[in-house]
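What follows is each chain in one-letter form.
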Amino acid sequence: MPADVMLEDRLPTPHEHRRLAEAVGWAHAFDWPSQPASLAGSTLGVVAVAADGETVGMARVVGDGVKYFMVQDVVVLPGRQGQGIGRALLARVLDLIARRAPAPAFVTLFATAEGSALYRAAGFEVGDMTGMVRVVEPRP
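This structure is a prediction, so every number in the text was calculated from the model and none was measured.

### Details of the pairing of strand E5 (residues 105-109)
Here is the key point about a regular strand: its side chains alternate between the two faces of the sheet. Residues Ala105, Val107 and Leu109 point to one face of E5 and are all buried, whereas Phe106 and Thr108, pointing to the other face, are not buried. With four bridges joining them, strand E4 (residues 68-76) and E5 adopt parallel strand pairing. Paired with Met70 across the strands is Thr108, a residue of E5. Between the parallel elements E4 and E5, the chain passes through helix H3 (residues 85-100) in a crossover that is right-handed.

### Things to note about the packing of aromatic side chains
Across all of its chains, the model carries three aromatic pairs by this definition. Measuring from ring centre to ring centre gives 6.2 Å for Tyr119 and Phe124, while their planes differ by 85°; the resulting arrangement is edge-to-face.

### Comments concerning the pairing of strand E3 (residues 55-63)
With seven of its nine residues buried, E3 lies for the most part within the structure. With six bridges connecting them, strand E2 (residues 44-50) and E3 associate as antiparallel partners. What sits directly across from Val47, in E3, is Met58. Counting the residues between successive antiparallel strands, the hairpin from E2 to E3 contains four residues, one of them, Gly53, with a positive phi of roughly 95°. By the bridge criterion, six bridges tie E3 to E4 in an arrangement that is antiparallel. From the neighbouring strand, Gly57 faces E4, where its bridge partner is Val76. Counted along the chain from E3 to the antiparallel partner E4, the turn is four residues long, and its residue Gly65 has a positive phi close to 75°.

### What about helix H1 (residues 14-23)?
Considered for burial, the residues of H1 that qualify are Glu16, His17, Leu20 and Ala21. End-on, the buried residues of H1 take up no more than an arc of 120°, which puts them together on one face. Looking at the packing, one finds that the buried side of H1 touches helix H2 (35-40), E3 and E4. Two residues or fewer past H1, Gly25 is found with a positive phi of approximately 85°.

### Points about a nonpolar patch on the surface
On the surface, Tyr68, Phe106 and Val135 cluster together to form a nonpolar patch covering roughly 280 Å² of accessible area. In this structure, Phe106 sits in strand E5.

### A short note on the pattern of salt bridges
Under the defined criterion, the tally for this structure stands at 10 salt bridges. Across the pair Arg80 and Asp4 runs a salt bridge, and its minimum N-O distance is 2.9 Å. Of this pair, Arg80 sits in the loop between E4 and H3 while Asp4 sits in the segment before strand E1 (5-8), and the two are 76 residues apart along the sequence. For Arg80, a relative accessible area of 16% gives the class buried. Residue class for Asp4 comes out partly exposed when judged on its relative accessible area of 34%. A salt bridge links Asp95 to Arg99; its shortest N-O distance comes to 2.8 Å. Of this pair, Asp95 and Arg99 both sit in helix H3, four residues apart, which is roughly one turn of the helix. Through salt bridges with shared partners, a single ionic network connects Asp9, Arg92, Asp95, Arg99 and Arg139.

Parameters at a glance
Residues numbered from 1 in each chain as written. Predicted model: local features only at pLDDT ≥ 70, side-chain atom pairs only at ≥ 80, totals over all residues. Heavy atoms only, no water. Buried < 20%, exposed > 50% of the residue type's maximum accessible area, 1.4 Å probe, protein only. Helix = DSSP H or I, 4+ residues; strand = E, 2+ residues; numbered from the N terminus. Pairing = 2+ DSSP bridges. Right-handed = clockwise from strand over helix to strand, strands pointing away. Phe/Tyr/Trp six-rings, centres within 6.5 Å; stacked < 30°, edge-to-face > 60°. Arc of directions from axis to C-beta. Contact = heavy atoms within 4.5 Å. Patch = residues over 30% accessible without salt bridge, like charges linked within 9 Å, V, L, I, M, F, W, Y side chains within 5 Å. Areas by Shrake-Rupley, 256 points an atom, 1.4 Å probe, with all protein chains shown as cover. Salt bridge = Lys/Arg side-chain N within 4 Å of Asp/Glu carboxyl O.

Structural data, given as C-alpha cells:
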C-alpha cells in the first residue's frame, strides 16, 4: 500500500460512500435516500485516506457482529487501484472480525468478476452456495 495512504477504522460517511461507489460505476446499485441508514446499521468499516485528506477507498462489513459477517462495498478509486489498497482494506476488516468474533466466524461476500482474484488471494473460495465463504478464527 502506498505510504501516503492510511487506514481509518470507521465507516465511510454517506458522501464518501456515494462518491466511491459512483467512481467505480455502482451508482445504480444503491438506494441513495436509505444509504445513510444502511451505513449506520453496518457492523464495522475501514476507510483509506490519502495524506491530502482524500478518501480513496473503503470497505464495510454487515452482519450480526458475532458469528456471521458479510464483506460489503470494497471500493478503491480507479486511479488508485493496483497499489495494494484493496488488499489492505480487506486484510484490515478480516483482522477486525477476528478480534471481534468469540468463536470461528463465517465471512461471506459477493464478488464482481474484477474483484474475484483479490478475494481468492485472501483465502476466500467458491462454496456450495452462490457467493464466496471463508472461516475466520478468533484472535485474542
